[in-house]
Amino acid sequence: MLRFSTAGESHGEALIALVSGLPAGVPVDLEFLSRELWRRQQGYGRGGRMRIERDAAHILSGVRHGKTIGSPIAMQIANRDWKNWEEILPVETGDPEKHKAVTSPRPGHADLAGALKYDFPDARYILERASARESTARVAAGSLAKMLLRALGVEVLSHVVRVGQAELQRPYQWDELVALAAKDTVLLNCIDEEAEQRMKGEVDKILRTGDTVGGVFEVVVHGLPPGIGTHANWDERLDGLLAQAVMSLQAVKGVEIGRGVTAAKSVGSEVHDAITYAAEQEETKFTRFERERNNAGGIEGGISNGEDVTVRGYLKPISTLRRPLASVSFATREETKASYERSDVCVVPAAGVAAEAMVALAVARLVLEKFGGDSLRELKRNFDGYREQIRKF
Ligand code: EPS
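Everything numeric in this text was worked out from a predicted model, so none of it was measured.

## Side note on the site of the ligand
Surrounding the ligand, one finds H11, R40, R46, R49, M50, H109, S131, A132, R133, T136, R342 and D344. In isolation the ligand offers 470 Å² of accessible surface; the protein chains occlude 92% of this area. Given that more than half its atoms are within 2 Å of the pocket grid, the ligand belongs to the second largest pocket. Each residue belonging to the shell around the ligand can be placed in one class, and the counts come to two nonpolar, four polar and six charged.

## Describing unusual backbone geometry
Residue N189 is not a glycine yet carries a positive backbone phi of 55°. On the secondary structure map, N189 appears in the loop between α6 (174-182) and α7 (193-209). Although it is not a glycine, A251 adopts a positive phi angle of roughly 75°. Position of A251 among the secondary structure elements: in the loop between α8 (238-247) and β10 (252-257).

## Observations regarding the sheet that holds strand β2 (residues 14-20)
On the basis of which strands lie adjacent, the open sheet formed by four strands has the order β1-β2-β6-β3 and antiparallel pairing. Two strands close off the open sheet at either side, each with one partner strand: β1 (3-7) and β3 (57-59). Across the sheet, the mean angle from the axis of one strand to that of its neighbour is 20°, orientation sign disregarded. Here three bridges tie β3 to strand β6 (residues 73-78), and the two strands are oriented antiparallel to one another. By the bridge assignment for β6, A57 is matched with I77.

## Here we look at the pattern of salt bridges
Within this structure, the stated rule accounts for 31 salt bridges. Here E134 ties to R138 by a salt bridge, and the two come within 2.9 Å at their closest N and O atoms. The partner of R162 in a salt bridge is E167, with the nearest N and O atoms 3.4 Å apart. On the basis of relative accessible area, R162 is assigned to the partly exposed category, the value being 24%. One salt-bridge network, in which partners are shared between bridges, spans R40, R49, E53, D55, D81, R133 and R342.

The rules behind each value
- Residues numbered from 1 in each chain as written.
- Predicted model: local features only at pLDDT ≥ 70, side-chain atom pairs only at ≥ 80, totals over all residues.
- Heavy atoms only, no water.
- Near = heavy atom within 4 Å.
- Areas by Shrake-Rupley, 256 points an atom, 1.4 Å probe, with all protein chains shown as cover.
- 1 Å grid on protein atoms, 1.4 Å probe; cavity = no way out; pocket = protein on both sides within 12 Å on 5 of 7 lines; lining within 4 Å.
- Sits in = over half its atoms within 2 Å of the grid points.
- Nonpolar A, V, L, I, M, F, W, Y, C, P; charged D, E, K, R; others polar.
- Helix = DSSP H or I, 4+ residues; strand = E, 2+ residues; numbered from the N terminus.
- Pairing = 2+ DSSP bridges.
- Axes fitted to C-alpha atoms, helices over the stretch in contact; angles between N-to-C directions.
- Salt bridge = Lys/Arg side-chain N within 4 Å of Asp/Glu carboxyl O.
- Buried < 20%, exposed > 50% of the residue type's maximum accessible area, 1.4 Å probe, protein only.

What follows is the structure, encoded as structure tokens:
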């Protein structure tokens, strides 16, 4: 089974990602891995921290001579900021005078709930792990899942469809997402220049007021055959697993499959995607059954249907505010302002990249469950056999 976990704190020495269950023989593209980490660091509205970090994953195990060997893959991503925190957050007892306690919990952050739960008079220990810095390790893990999927012709990318009040008003074309991911300067990762400028305007407006802004990203899985996930059991449905994967990302407060949100206010005939049958089998298609639109987001009954799988994540605005909301001090119990720590103003493009990783990991897990195999060669043989089977259906 494909499994992964992460460790590490925002201002600790490093982040760790541990991935197990990948078959042997998957080519590991280190340049791609670095590029994925870089993509997560981009976007208009990031804070000062991104000028400090240059994320790079150091692979410790599980990859030899450029390929996976079937054993667990451990990766380490150093926090460059650690040198500024060694005395503030030492592993040893250290000098208590140097600790930087957070005693005014920020509304919207894990500070208060976490401090109560873990019995800390200092929310520092909570925010260090709750921080979205952790998503770096997820992107490292997800890039391995992407390498596996890529070997089967499946790609995962994202784009931004909303920042605050500024919304993209047209559907994407897959090639536009490929072009976006290849860009060397990232503004708001939007396929439409005009909409992107409006999004930038939203960030500028918010920057002036000392506030933060949320938005919506869309992750697209392209090239996934029909039949991934199942209607048979609640915990094996593709839509349910994707929702959990994306919702588990910091600041994501809603997940939409296809046009699920609009579907709830529409009638059935406007929502469901009529089925047609092509005269000839197209090389790039899995079967001759076709759809003229994809409101279902490539999933029906918890099973992929061969169309692009689309998942949207709705992000709340970052909870660290330069003009803080009211809070209560842990020390005095008196009303005070919530703590302010250096932070970001808008992270929608970065969250989209982290969500690509989560989606890739969830899809790769189901793909491995369906097709099995301890080596990529075995997996591919099973995958190709199934492709042939559904082509002849
Ligand atoms: C974060 C606060 C900021 C962000 C951080 C998430 O970090 P710092 O407190 O060091 O300025 O930059 O995100 C990252 C470091 C990252 O790599 O995405 C938070 O509180 O969630």
